[in-house]
Amino acid sequence: MTSPSRVRTGAATPQPDEPGERFLGISSVVIAVVSLVCGFALFPPLVGVIAGLLGRQREPRGHAIAAWGIALNLVVLFGWVLLLAVLVLTGTLTALLHP
């Protein structure tokens, strides 16, 4: 004789992610990686930081990836600011702008 199958009720089953659940966090990381690979730029990392911050607020399952996006974009922005500071302090920026 076969035993009756048991129906489990109330068991926690992982739910699949909805399509837009981590969009802002992933966008933030992608912007950071593209900014790192393609060179320094000021505007895209700012957009990446904003997307990461919005992702941390609006997407409960995307906190970790949004945090990575924020951190990577801040590294790119810091590199941009550091490069500009070095160019200004050495006078290279003035020489480049006024030949």
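Here's a quick rundown of the structure. All of these numbers come straight from a predicted model, not from anything done at the bench. In this convention, every chain numbers its residues from 1, walking through the sequence in written order. Confidence filtering applies because this is a predicted model: local features only for residues at pLDDT of at least 70, side-chain atom pairs given and counted only at 80 or more, and all residues used for totals across whole chains, interfaces and linings. Side-chain calculation: all heavy atoms of the structure are included, whereas hydrogens and water are not.

On to a nonpolar patch on the surface. Residues enter patches when they are more than 30% accessible in relative terms and free of salt bridges; like-charged ones are connected within 9 Å and nonpolar ones (Val, Leu, Ile, Met, Phe, Trp, Tyr) within 5 Å. Here the Shrake-Rupley method, with its probe set to 1.4 Å, supplies the accessible areas, and only the displayed protein chains count as covering residues. Salt bridges, as used here, are contacts in which a Lys or Arg side-chain nitrogen is within 4 Å of a carboxyl oxygen on Asp or Glu. Together, Ile26, Val30 and Val34 make up an exposed nonpolar region whose accessible area comes to about 240 Å². In this text, helices come from DSSP runs of H or I with a minimum length of four residues, and strands from runs of E with a minimum of two, each type numbered from the N-terminal end. You can see Val30 is positioned in helix H1 (residues 23-38). Think of it in three bands: with a 1.4 Å probe and only protein chains considered, a residue is buried below 20% of the maximum accessible area for its type, exposed above 50%, and partly exposed in between. You can call Val30 partly exposed: its relative accessible area is 46%.

Within an α-helix, residues lying three or four positions from one another point in the same direction, as the helix has 3.6 residues per turn. Take the residue count of a helix, subtract one, and multiply by 1.5 Å to get its expected span. Taking 1.5 Å per residue, 16 residues should reach 22 Å; H1 reaches 22 Å between its end C-alpha atoms and fits that length. Looking at the buried side of H1, the elements it contacts are helix H2 (43-58) and helix H3 (63-90). A positive backbone phi angle near 115° is found at Gly39, which sits one or two residues after H1. Note on contacts: a residue pair qualifies if any of its non-hydrogen atoms lie within 4.5 Å across the two residues.

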